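A look at the structure
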Amino acid sequence: MHNPYMSALTAIGYIGLVVLFFAGIAHFFGDAPDVEFLAPLIMLSLLVLSVATMGFLFFYRPLTLVLDGARADAVQYFARMAGTFAVGIVLFIAIAGFIRFNIIGGDAYCEDEKGEMVRC
């Protein structure tokens, strides 16, 4: 990818897919005790896949620019991509917080004196 903004958005999309994967896996297996050995296998496999994917998305293009002698372009590309990624994550956290605290919509939950989540 030659567009730092698309690389950052692709990284955010990949993270979203990983979250959906874990939500689906948790729902699929539930609390089944006979599949406990799968958790470390799935986690380590996903870690390796995630490191390879994020490494490619974040470092491939800047590295090729550096190797081609365009160090300033590489730094600019990486800065734009990292900045876009940071803004996207901050927006996601802000939206999730707004939903969580019933600013945008949905049910709001608060912690009571026992530390349990109850409707506000």
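Keep in mind the model is a prediction, meaning the values are calculated, not measured. (Residues numbered from 1 in each chain as written. Predicted model: local features only at pLDDT ≥ 70, side-chain atom pairs only at ≥ 80, totals over all residues. Heavy atoms only, no water.)

Scanning the protein from N- to C-terminus turns up three helices and two strands. Of the regular secondary structure in the protein, the N- to C-terminal order runs α-α-α-β-β. Across the 120 residues that make up the protein, the buried fraction comes to 18%. Within the protein, counting contacts between residues at least 6 apart in sequence, those at least 24 apart form 46% of the total. A total of about 8,800 Å² of accessible surface is found on the protein, and carbon and sulfur atoms cover 72% of it. (Helix = DSSP H or I, 4+ residues; strand = E, 2+ residues; numbered from the N terminus. Buried < 20%, exposed > 50% of the residue type's maximum accessible area, 1.4 Å probe, protein only. Contact = heavy atoms within 4.5 Å. Areas by Shrake-Rupley, 256 points an atom, 1.4 Å probe, with all protein chains shown as cover.)

A word on the nonpolar core. Judged by nonpolar contacts, the single largest core of 13 residues is most densely connected at A11, Y14, M54, L57, F58, L65 and M81. Contributing elements (two or more residues each) for this core: helix 1 (4–29), helix 2 (38–67) and helix 3 (71–100). Residue contributions to this core peak at five residues, all from helix 2. Not counting chain neighbours up to four residues away, the residues in contact with F58 comprise A11, F78, M81, A82 and F85. (Core = buried A, V, L, I, M, F, W, Y, C linked by side-chain atoms within 4.5 Å.)

For the structure shown, the criterion picks out three aromatic pairs. Arranged with centres 5.2 Å apart and planes meeting at 25 degrees, the rings of F56 and Y60 form a pair that is stacked. One end of the pair is F56 and the other is Y60, both in helix 2 and four residues apart, which spans about a single turn. A relative accessible area of 46% means that Y60 is categorised as partly exposed. The interplanar angle of 15 degrees and the centroid separation of 5.7 Å between the aromatic rings of F59 and F78 together place this pair among those described as stacked. One end of the pair, F59, is in helix 2; the other, F78, is in helix 3, with 19 residues separating them in the sequence. (Phe/Tyr/Trp six-rings, centres within 6.5 Å; stacked < 30°, edge-to-face > 60°.)

This part covers the side chain of S50. Assignment of secondary structure puts S50 in helix 2. The residues contacting S50, other than those within four sequence positions of it, are Y14, V18 and G55.

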